[in-house]
Amino acid sequence: TVSGKIDIGFLKGYGNFKSTSGKIQLNEFEIIGNTNIESVSGKIQLFMFNNLGYNINYNTTSGRVNINNYNNTLNDSNNFTLNLKTVSGKIEVN
């Protein structure tokens, strides 16, 4: 989206999510594959279904980062990467 909010509830999946100036919020997100989430000037807010089985890579130029209750215990069946990037937006993972 260019200037609208992305708000998804109860997502089991993976993919690419991009916004120029809107918030990206994923609720009850269960990651089952590599996922890229990018926002230029909007907040990225994730409420994870569980906190196991994925690595988090994040990058922000001028935003805050809060990652809570994260455990990157990996096994052969769920070794995924969650890439988060903002220019001037906050990154929050719960």
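Residues numbered from 1 in each chain as written. Predicted model: local features only at pLDDT ≥ 70, side-chain atom pairs only at ≥ 80, totals over all residues. Heavy atoms only, no water.

Caption draft 1: Broad picture of the overall build of the protein chain. Within the protein chain, the secondary structure is distributed over zero helices and ten strands. Written out in order from the N terminus, the α and β elements of the protein chain read β-β-β-β-β-β-β-β-β-β. A buried classification covers 36% of the 94 residues belonging to the protein chain. Restricting to contacts in the protein chain with at least 6 residues of sequence separation, those with at least 24 account for 45%. Summed over its atoms, the accessible surface of the protein chain is roughly 5200 Å², and 45% of this surface lies on carbon and sulfur atoms. (Helix = DSSP H or I, 4+ residues; strand = E, 2+ residues; numbered from the N terminus. Buried < 20%, exposed > 50% of the residue type's maximum accessible area, 1.4 Å probe, protein only. Contact = heavy atoms within 4.5 Å. Areas by Shrake-Rupley, 256 points an atom, 1.4 Å probe, with all protein chains shown as cover.)

Caption draft 2: Up close: the environment of Ile 67. When you line up the elements, Ile 67 lands in strand β8 (residues 65-67). For Ile 67, a relative accessible area of 28% gives the class partly exposed. In the structure, Ile 67 is positioned 26 residues away from Val 93 in sequence and 4.7 Å away in space, judged by C-alpha atoms. Residues contacting Ile 67, with those up to four places away along its chain left out, are Ile 56, Tyr 58 and Val 93.

Caption draft 3: A look at the environment of Asn 69. Within the secondary structure layout, Asn 69 lies in the loop between β8 and β9 (80-86). In the structure, Asn 69 is positioned 19 residues away from Asn 50 in sequence and 9.4 Å away in space, judged by C-alpha atoms.

Caption draft 4: Spatial organisation of unusual backbone geometry. The backbone of Phe 10 shows a phi angle near 55°, a positive value even though the residue is not glycine. Residue position: Phe 10 is located in the loop between β1 (6-9) and β2 (12-13).

Caption draft 5: Molecular detail of the pairing of β9. Alternating positions in β9 separate cleanly, Phe 80, Leu 82, Leu 84 and Thr 86 being buried on one face and Thr 81, Asn 83 and Lys 85 remaining unburied on the opposite face. Sheet topology note: the strand β5 (residues 35-39)/β9 ladder contains five bridges and is parallel. Across the sheet, residue Asn 36 finds its bridge partner in β9, namely Asn 83. Sheet topology note: the strand β7 (residues 54-60)/β9 ladder contains seven bridges and is parallel. Its bridge partner lying in β9, Thr 60 is registered against Thr 86. (Pairing = 2+ DSSP bridges.)

Caption draft 6: Up close: the sheet that holds β9. As summarised here, the arrangement of the four strands in space is β3-β5-β9-β7, forming an open sheet in which the pairing is parallel. Each of the sheet's edge strands pairs with one partner strand only, and the pair in question is β3 (16-19) and β7. Between one strand and the next, the sheet's axes are offset by a mean angle of 5°, whatever the strand orientation. (Axes fitted to C-alpha atoms, helices over the stretch in contact; angles between N-to-C directions.)

Caption draft 7: Spatial organisation of the nonpolar core. Membership of the largest hydrophobic core comes to 17 residues, with the highest contact counts inside it found for Ile 37, Leu 46, Met 48, Leu 82 and Leu 84. Only β4 (24-31), β6 (44-48), β7, β9 and β10 (91-93) provide two or more residues apiece to this core. Among the elements that take part in this core, β4 stands out by supplying four residues, more than any other. Contacts of Met 48, omitting those with residues within four sequence positions, involve Phe 29, Ile 31, Tyr 54, Leu 82, Val 93 and Asn 94. (Core = buried A, V, L, I, M, F, W, Y, C linked by side-chain atoms within 4.5 Å.)

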